[in-house]
Amino acid sequence: MSVGEYIRDSQLWKSVFRHPAPYDRRNRVVVMLTNFFLHLHPVSIKQQGIALSYTWCMGGVTFFLFLVETLTGVLLMFYYRPTLEWAYNDILALRDVTTLGIMREIHRWGAHAMVITVWLHMYRVFLTGSYKPPREFNWVIGVLLLVLTLLLSFTGYLLPWDQLAIWAITVGSNMARATPFLGYEGPGAQLLNIGGYDLITNASDARFLLLGSRFVGEATLNRFYILHCVAIPLVVALLIAIHFWRVRKDGGISQPL
Amino acid sequence: MVNPHPDLTTSVIHGLGWAYLALFLMNLVWTIRVYRGHTEFRSPELFGGMMIPSATPWAVYSIILFLLSLVHLITNAAPDTFMLVMPEFAKNFIDGFADPTIFFALSVGLMAAVIYFRETLVKPTVAWTILNMMLLFTTFSLTDYDFRQIVGKPDNVPIVSMLYIVAFFTWLYFSRAVENDKRKAEGRPLFEQEKNEKILVWPDLVYTELICMIALTVILVVWGVVLQAPLEEPASAAKTPNPSKAPWYFLGLQEMLVYYDPWLAGVVFPSVILGGLMAIPYIDFNKLGNGYYTFKDRAFSVSVFMFGFLPLWVAMIILGTFLRGPNWNFFGIYEFWDVHKLEVLNNVNLSEYFWIKFLNRGLPTAADIPNFISANVPALVTPVVILLREWLGILLTLLYLGVAPMVMVYIPKFKEFFFRMGFVRYMVFTNLLLMMLALPLKMVLRWSISLKYIVAIPEWFFNI
Ligand code: HEM
């Protein structure tokens, strides 16, 4: 008996994988049905549905990058403290002294890449007309994922707390000040006043809600940290689950009729 | 004295040597591929009109690249005497085009040309030639100090790659679409319908995925080792950098700020973009082109989407990243980012055009409105003055969004849309389309008649 066979014959192995190795047709079917991770996939699929020249694999790549970001992000969280005192120094240390500080590089480049791949995925889905019935609603979920991907990247941009970070976020969030009705420099905000008191001031408008302060400061750092590390990823994970579920329910990857 | 901004240094020359070597290897593979194809072409009569294997010009080109690479790699010349640099006149010539007008016109023209010449463009030889030209241009441009500064910034590297990647996938799309359109015209089955058996996910898909994941991991690790993530000075609220740029993927929106106020460029238009994207499946009633690549079956929708994605989104990001410098001034790709560069701005509002230039009087004031208003409802004075002052712009805006869709019904294509979509959907669709065109429209108005605002009500932060 070879070592491989010995291992695959052990009770331990069999308790994990409840069937023989997927060498024959039957077990190749069974593996797809019994493995938690693989059950995202159907058992069999049309050739075009997995042709790289058709799907460009961009949805898959985006998902993989999301996983990479989650993993490297968790590792970074062990190290990084979102306070004015520590944020910058922790990033500095990641660069100069920390073992595996390269996680920051991978996390940042992965984030850039994810933004690009999600656009390309949308581009391909459009170009194959895959948003047409019955997949309309999955396209809508996709657009939400697109926004959330951008917001993930945006909130993460602040965390290094260097000049690049706070000014990019300042420029970006200044827009919120001009939100119609809800920003204190937005059209219509003046109308929202009761008995001479303005409801919308620079301490109560949309921008304040976003920043937790009148300017990009420690409250903002905290807010963005939580959005970036907890709130948005949770929503994205949920939406991705629905997205994948619907790809299956809508009949798999789109095909010519 | 040492030049602090040298166009060439020894390490740059060596780097370029490796780049040319990579180009040489790429073209070597290509030459072999062409050679295996055993094709020939007839040379021009001038050269005797004989049959030449198609691989010959590629072989010659590859050899030149190899020699170029050798020259760069083994040179001992002092960097400032090295001859292979982008000449000043070429830089000045290219920088001479550095203007938002030309940039935008070029990017729209390029997209139109790609669509129009798609059948030529998808030929592998043509595409390969264009790719080579793009790569040569980028590589050769790296001999300029300022170009290197901006393109080589670690955060900008993905944006440069995005340019190539988007170009590649657009090409891939057209090559499949042209193929399918031809098949359809000839009554043959679509590309996607051939070889479309059901196969097992294990092994075919799971192994593809595994290989993709490994390849991506390698790419990310190598990328992380080669390029260090940027970290600038600690944040300081007192030192505003110039230019202050939003994260790169929002630079298209930041560019809109040149033409529209924040409430539009930063809030309304982004919401409209997202709402519009979500609305696409409910607007596009065309049942054709679902699940296969085609251009002919959906020429209109593909063209509109590409217009939004390529010139209005990707090209605007490129513009914002590489061509907008201090004070958001426009700079050529080889131009030094001079903080003191002056651009004269004297833009004029539509109301000023109307009252001052056309009617030759001042803007309306409280004195211009009937007495009974100020006597009875003084609170109305300001609004009435504003409405009087801005009536033309307000009217034009309402006409643009409300009445133009009805006029467009006279275009045959839109007439069909109207009847197929019904009133509400048609209005949503045309309004989205008109809002998309609002940016180019305002650009043209700005460049041609220096128009600042169509409706200017700074009192209410309401400028259009
Ligand atoms: C975090 C972002 C996203 C992830 C992880 C993701 C993932 C995926 C994956 C893995 C697929 C399977 C096919 C493929 O790989 O192409 C898919 C299909 C699809 N996606 Fe996404 N996606 C994302 C964002 C989007 C966006 C932005 C859109 C559109 C606006 C979109 C619309 C669709 C549609 C309509 C399908 C079905 C395509 C078909 O049947 O051909 N998704 N997505």
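Residues numbered from 1 in each chain as written. Chains lettered and ligands numbered in written order. Predicted model: local features only at pLDDT ≥ 70, side-chain atom pairs only at ≥ 80, totals over all residues. Heavy atoms only, no water.

## Digging into the overall build of chain B
Moving on, step 1. Helix and strand content of chain B: 17 helices and five strands.
Moving on, step 2. Its C-alpha atoms give chain B principal-axis dimensions of about 90 × 70 × 55 Å.
Moving on, step 3. When the 464 residues of chain B are sorted by exposure, 43% land in the buried category.
Moving on, step 4. Contacts in chain B between residues far apart in sequence, at least 24 positions, make up 69% of those at least 6 positions apart.
Moving on, step 5. Put simply, chain B shows about 24,500 Å² of open surface, and 72% of that area lies on carbon and sulfur atoms.
Moving on, step 6. For chain B, the distance from the average site of its 32 positive side-chain charges to the average site of its 33 negative ones is 8 Å. (Helix = DSSP H or I, 4+ residues; strand = E, 2+ residues; numbered from the N terminus. Buried < 20%, exposed > 50% of the residue type's maximum accessible area, 1.4 Å probe, protein only. Contact = heavy atoms within 4.5 Å. Areas by Shrake-Rupley, 256 points an atom, 1.4 Å probe, with all protein chains shown as cover. Lys, Arg positive; Asp, Glu negative; His and termini not counted. Charge placed at Lys NZ, Arg CZ, Asp CG, Glu CD.)

## Concerning a nonpolar patch on the surface
Moving on, step 1. Where nonpolar side chains cluster on the molecular surface, the patch consists of B:Tyr207, B:Leu210, B:Met213, B:Ile214, B:Val218, B:Val221, B:Val222, B:Val225 and B:Val226 and spans about 800 Å² of accessible area.
Moving on, step 2. Mapped onto the elements, B:Leu210 comes out in helix H9 (residues 201–226). (Patch = residues over 30% accessible without salt bridge, like charges linked within 9 Å, V, L, I, M, F, W, Y side chains within 5 Å. Salt bridge = Lys/Arg side-chain N within 4 Å of Asp/Glu carboxyl O.)

## Considering the coordination of the iron atom of the ligand
Residues and elements named next belong to chain A.
Moving on, step 1. The protein atoms that coordinate the iron atom of the ligand are His121 (NE2) and His243 (NE2), at distances of 2.0 to 2.1 Å.
Moving on, step 2. For the iron atom of the ligand, the six donor atoms in the first shell make angles of 85 to 179 degrees at the metal, a pattern classed as octahedral. Placement of histidine 121 in helix H7 (residues 102–127) and of histidine 243 in helix H11 (residues 218–249) is noted, with a sequence separation of 122 residues between them. Both residues of the pair, histidine 121 and histidine 243, belong to the buried class. (Donors = N, O, S within 2.8 Å, 3.2 Å for Na, K, Ca; no water. Tetrahedral: all angles 85-135°; square planar, octahedral: opposite > 155°, others 65-115°.)

## Details of the domain arrangement of chain A
Moving on, step 1. Domain annotation for chain A reports domain 1 (1–44) and domain 2 (52–249).
Moving on, step 2. Here the C-alpha centre of domain 2 of chain A lies 39 Å away from the C-alpha centre of domain 1 of chain A. (Domains from an automatic or database assignment.)

## Quick word on the packing of helix H1 (residues 10–36) of chain B against helix H6 (residues 124–141) of chain B
Residue and element names in this part refer to chain B.
Moving on, step 1. Running from N to C, H1 and H6 point in directions that differ by 170 degrees, and their axes come no closer than 11 Å. Looking at the two axes, H1 sits roughly antiparallel to H6. Between H1 and H6, the contacting residues are Leu16, Ala19, Tyr20, Leu23, Met26, Asn27, Trp30 and Arg33 on the first element and Pro124, Thr125, Trp128, Leu131, Asn132, Leu135, Leu136, Thr139 and Phe140 on the second.
Moving on, step 2. Looking at the contact of H1 with H6, its residues break down into 12 nonpolar, four polar and one charged. (Axes fitted to C-alpha atoms, helices over the stretch in contact; angles between N-to-C directions. Parallel < 35°, antiparallel > 145°, perpendicular 65-115°, else oblique. Nonpolar A, V, L, I, M, F, W, Y, C, P; charged D, E, K, R; others polar.)

## Some thoughts on the interface of chain B and chain A
Moving on, step 1. Listed by partner, the interface residues are 93 residues for chain B and 89 residues for chain A.
Moving on, step 2. Of the roughly 8,500 Å² buried at the junction of chain B and chain A (both faces included), carbon and sulfur atoms supply 71%.
Moving on, step 3. When the area that chain B buries against chain A is broken down by residue, the three leading residues are B:Trp202, B:Leu231 and B:Asn290, summing to 9%.
Moving on, step 4. There are two salt bridges connecting chain B and chain A.
Moving on, step 5. Here A:Lys132 ties to B:Asp284 by a salt bridge, and the two come within 3.5 Å at their closest N and O atoms.
Moving on, step 6. Taken together, the connections running from chain B to chain A amount to 39 residue pairs in polar contact (both at pLDDT 80 or more).
Moving on, step 7. Looking at the side of chain B that touches chain A, the elements that each hand over two or more residues are helix H8 (157–186), strand S3 (198–200), H9, helix H11 (262–283) and helix H12 (299–323) of chain B.
Moving on, step 8. With 16 residues, H9(B) is the single largest residue contributor to the side of chain B that touches chain A. (Buried area = accessible area lost by both parts, 1.4 Å probe. Polar contact = N/O pair within 3.5 Å; in protein donor to acceptor, adjacent residues only side chain to side chain.)

## Things to note about the site of the ligand
Residue and element names in this part refer to chain A.
Moving on, step 1. Looking at the ligand, there are 25 residues lining it, with His121, Arg124, Gly142, His243 and Ser254 nearest.
Moving on, step 2. Within the side chain of arginine 124, one N or O atom sits 2.9 Å away from an oxygen atom of the ligand.
Moving on, step 3. With six residues, helix H8 (residues 136–158) is the single largest residue contributor to the shell around the ligand.
Moving on, step 4. A class-by-class count of the residues in the shell around the ligand yields 12 nonpolar, 11 polar and two charged. (Near = heavy atom within 4 Å.)

## Describing the confidence of the model for chain B
Moving on, step 1. Residues of chain B with pLDDT of at least 70 account for 100%, and the chain-wide mean is 91.
Moving on, step 2. Across the assembled chains, the prediction reports ipTM 0.93 with pTM 0.94. (pLDDT = per-residue confidence, 0-100.)

## A few points about helix H13 (residues 350–358) of chain B
Residues and elements named next belong to chain B.
Moving on, step 1. Within H13, burial applies to Leu350, Ser351, Phe354 and Trp355. Angularly, the buried residues of H13 cover 120 degrees about the axis, an arc narrow enough to put them on a single face.
Moving on, step 2. In the core, the buried residues of H13 are packed alongside helix H15 (381–408).
Moving on, step 3. Asparagine 360 occupies a position one or two residues after H13 and carries a positive phi of about 60 degrees. (Arc of directions from axis to C-beta.)

## Concerning the pattern of salt bridges
Moving on, step 1. Going through the model one piece at a time under the given rule, you end up with 21 salt bridges over all chains.
Moving on, step 2. One salt bridge connects A:Arg95 with A:Asp96, and the closest N-O pair in it is separated by 3.1 Å.
Moving on, step 3. What makes A:Asp96 exposed here is its relative accessible area of 53%.
Moving on, step 4. B:Asp155 is the salt-bridge partner of A:Arg108, the closest N and O atoms lying 2.9 Å from each other.

## A few points about the environment of B:Ala19
Residue and element names in this part refer to chain B.
Moving on, step 1. With respect to the secondary-structure elements, alanine 19 resides in helix H1.
Moving on, step 2. Judged by relative accessible area, alanine 19 falls into the partly exposed class, the value being 30%.
Moving on, step 3. Placed 213 residues apart in sequence, alanine 19 and glutamate 232 show a C-alpha to C-alpha distance of 29 Å.

## A closer look at the side chain of B:Asn329
Residue and element names in this part refer to chain B.
Moving on, step 1. With respect to the secondary-structure elements, asparagine 329 resides in the loop between H12 and H13.
Moving on, step 2. Of the polar contacts made by the side chain of asparagine 329, one reaches the backbone oxygen of lysine 341; its length is 3.0 Å.
Moving on, step 3. Not counting the four nearest positions on each side in its chain, asparagine 329 is found in contact with Leu323, Arg324, Lys341 and Glu343.

## A look at the nonpolar core
Moving on, step 1. Ranked by internal contacts, the top residues of the largest apolar core, which has 110 residues, are A:Trp119, A:Trp139, B:Tyr173 and B:Trp248.
Moving on, step 2. When residues of this core are assigned to their parent elements, the largest contribution, 16 residues, is made by H12(B).
Moving on, step 3. Excluding anything up to four places from it in sequence, A:Trp119 contacts A:Leu146, A:Leu150, B:Met162, B:Trp248, B:Tyr249, B:Phe309, B:Trp313 and B:Ile317.
Moving on, step 4. Membership of the second largest hydrophobic core comes to 22 residues, among which are A:Cys57, A:Val61, A:Phe64 and A:Ile232. (Core = buried A, V, L, I, M, F, W, Y, C linked by side-chain atoms within 4.5 Å.)

## Description of unusual backbone geometry
Moving on, step 1. For the bond running from A:Pro133 to A:Pro134, omega is 5 degrees, close enough to zero to count as cis.
Moving on, step 2. Position of A:Pro134 relative to the elements: it lies in the loop between H7 and H8.
Moving on, step 3. Residue B:Pro243 is reached from B:Asn242 by a cis peptide bond, and omega for that bond is 0 degrees.
Moving on, step 4. Position of B:Pro243 relative to the elements: it lies in the loop between H9 and helix H10 (251–256).
Moving on, step 5. The phi torsion at A:Trp161 lies on the positive side, around 55 degrees, for a residue other than glycine.
Moving on, step 6. Residue placement: A:Trp161 occurs in the loop between H8 and helix H9 (163–174).

## Digging into the packing of H12(B) against helix H17 (residues 423–449) of chain B
Residues and elements named next belong to chain B.
Moving on, step 1. The contact between H12 and H17 brings their axes to 12 Å, and the two run at 40 degrees. Our classification of the angle between H12 and H17 gives oblique. Crossing angle aside, the handedness with which H12 passes H17 is left-handed. Between H12, through Phe300, Val304, Phe307, Gly308, Leu312 and Met316, and H17, the contact on the second element is made entirely by Phe429, Leu433, Met436, Leu437, Leu439, Pro440 and Met443.
Moving on, step 2. Split by residue class, the contact of H12 with H17 holds 12 nonpolar, one polar and no charged. (Left-handed = near helix turned anticlockwise from the far one by under 90°.)

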